[in-house]
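Residues per chain, in single letters:
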Amino acid sequence: MKKTATRLADGRELLYYDSRDDAVRDAVDLRPLRRPAGTSEIRRDPLVGDSVVIASHRQARTHHPPADSCPLCPSREGRPTEIPAADYEVVVLENRFPALSGDAGRCEVVCFTADHDASFADLDEDRAALVLAAWTDRTAELAALPGVEQVFCFENRGREIGVTLAHPHGQIYAYPFVTPRTERVLASVAGHHARTGGRNLFDDTVAGELADGRRTVLDGEHWAAFVPHAARWPYEVHLYPRRRVPDLLALDDAARAEFPRLYLELLRRFDRIFDDRGGERGAGERGTGERAADRRPTPYVSAWHQAPFRHPHRSEFALHLELFTIRRSAGKLKFLAGSESGMSVFINDVPPEAAAERLREVASQ
């Protein structure tokens, strides 16, 4: 992998990641841009202790531009974009409208491909491996920034999720605090350790799921994927390396080599869950198929959970990826209504065992 660093016209950092060592990246951003105005503020909720980010400048961010005005496509004559090059493999750049900025952290955009009409599931294994290398490199670089406590690599896909740019891309947040969810997980890990005489909660959870088998979706040599016993979302899969590691930096070569094949298979299965050719099964509805308007890629969130860098129980955390969709059936979405939004009590209409069965049904032939 070759990494080439440059700066955009307003001073933001841009990084090209190429599979070839002889790649040349010398295009210059000539747009008349000034450094984006606005800073983020982090406030603490005194009742529950959660950190809340206030970022009013994001109201002006780009919202669903037409394809010929996409800011993440390569630049061409007469139409400069965020990426000066005429083509690229993988690009990471500072977000022009960051939720976290300055002393409040950093936000980056990860472009998976120059092809505007593709998705991550369309990538080949070599490109997926390059994205993994970029995620790993950014985790290492951001961890070294003063004040950064945790790095979160993720992808939102689909309008239903709230994506404002259609180009295949993900994001990286470098938080100056440990996120509320991670704090709760680490508290559970510590409690399990105390109750069981030193056993690890992640190890016991993964071993229990694989021994049960009903919710297992993929079982590789170095990775395992399953629908969790208490899944919150209609279709939710957790992907774990078999050897527990705290973050992407600690993955060994064998796990890195196997990841692209398994992850791409999971994404492709997600796109087939609601395939109208067979209707969906295992979710309480069978056989009528989808309307033409519903035959579109499944919206999802794909999120890497990594250990905080300076937490005392960092070594007990397990790197894993959580992939879920808010679509509960063809043409129907799972909304976070009163119980979920008001009390954080999720109600799932799709039994996890049925979701796992469906995800096994739609395996690649």
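Look up: the structure comes first, before these words.
This one's a predicted model, so the numbers in the text were calculated from it and none came from an experiment.

Peer 1: Even after reading the chapter, I still don't get the nonpolar core, so can you show me in this structure?
Peer 2: Generally speaking, soluble globular proteins have nonpolar side chains that are buried together. Within the largest apolar cluster, 54 residues are counted, with the highest numbers of intra-cluster contacts made by Phe120, Trp135 and Trp304. Setting aside chain neighbours within four positions, we find Phe120 in contact with Phe112, Ala128, Val131, Trp135, Glu155, Tyr263, Leu264, Leu267 and Tyr300. Membership of the second largest hydrophobic core comes to 15 residues, among which are Tyr16, Leu72, Ile83 and Val91.

Peer 1: Looking at this model, I keep getting lost on helix 2 (residues 180–195). Mind explaining?
Peer 2: A turn of α-helix holds 3.6 residues, and therefore any two residues three or four places apart point the same way. Between its first and last C-alpha atoms helix 2 spans 23 Å; for 16 residues at 1.5 Å apiece the expected length is 22 Å, and the two agree. Three or more residues of helix 2 are buried, namely Thr182, Leu186, Val189 and His192. All buried residues of helix 2 lie within an arc of 120 degrees about the axis, which places them on one face of the element. Set apart from the buried face of helix 2 by more than 90 degrees, the exposed residues are Arg184, Ala187, Ala194 and Arg195. The secondary structure elements touched by the buried residues of helix 2 are strand 7 (150–157) and helix 3 (201–212). Backbone geometry just downstream of helix 2 places Gly197 in the positive-phi region, at approximately 70 degrees.

Peer 1: Would you mind showing me how to read unusual backbone geometry here?
Peer 2: For residues that are not glycine, phi is negative in most cases, and the peptide bond is trans in most cases. Notably, Ser344 is not glycine yet its phi reads approximately 60 degrees, a positive angle. Summarising the element assignment, Ser344 is placed in the loop between helix 5 (338–343) and helix 6 (352–361). You can call Ser344 exposed: its relative accessible area is 55%.

Peer 1: Looking at this structure, I do not really get the pattern of salt bridges. What am I missing?
Peer 2: In a structure, side chains of opposite charge can pair up when their charged atoms sit close to one another. Within the structure shown, the criterion is met by 36 salt bridges. Residue Glu82 pairs with Arg12 through a salt bridge whose shortest N-O separation is 2.7 Å. Residue Glu82 is found in the loop between strand 4 (51–54) and strand 5 (90–94), and its partner Arg12 is found in the loop between strand 1 (2–7) and strand 2 (13–18); the two are separated by 70 residues along the sequence. A network of salt bridges, in which partner residues are shared, links Lys3, Arg7, Glu13, Arg35, Glu94, Arg106, Glu108, Asp137, Arg138 and Glu141.

Peer 1: Would you mind showing me how to read the sheet that holds strand 9 (residues 216–219) here?
Peer 2: Remark on secondary structure: sheet strands pair via backbone hydrogen bonds, oriented parallel or antiparallel. Spatial strand order, 1-2-5-6-8-7-12-13-11-10-9: 11 strands in an open sheet with antiparallel pairing. Since the sheet does not close on itself, it has two edges, and those belong to strand 1 and strand 9, each with one partner. Across the sheet, the mean angle from the axis of one strand to that of its neighbour is 20 degrees, orientation sign disregarded. Summarising the sheet, strand 5 and strand 6 (residues 106–111) pair through 4 bridges and their orientation is antiparallel. Within strand 6, the residue paired with Val91 across the bridge is Cys111. Each of strand 1, strand 2, strand 5, strand 6, strand 7, strand 8 (169–175) and strand 12 (300–305) is contacted by helix 1 (residues 125–143), which is oriented at about 140 degrees to strand 2, the strand it contacts most.

About the thresholds
Residues numbered from 1 in each chain as written. Predicted model: local features only at pLDDT ≥ 70, side-chain atom pairs only at ≥ 80, totals over all residues. Heavy atoms only, no water. Core = buried A, V, L, I, M, F, W, Y, C linked by side-chain atoms within 4.5 Å. Buried < 20%, exposed > 50% of the residue type's maximum accessible area, 1.4 Å probe, protein only. Contact = heavy atoms within 4.5 Å. Helix = DSSP H or I, 4+ residues; strand = E, 2+ residues; numbered from the N terminus. Expected span 1.5 Å × (residues − 1). Arc of directions from axis to C-beta. Salt bridge = Lys/Arg side-chain N within 4 Å of Asp/Glu carboxyl O. Pairing = 2+ DSSP bridges. Axes fitted to C-alpha atoms, helices over the stretch in contact; angles between N-to-C directions.

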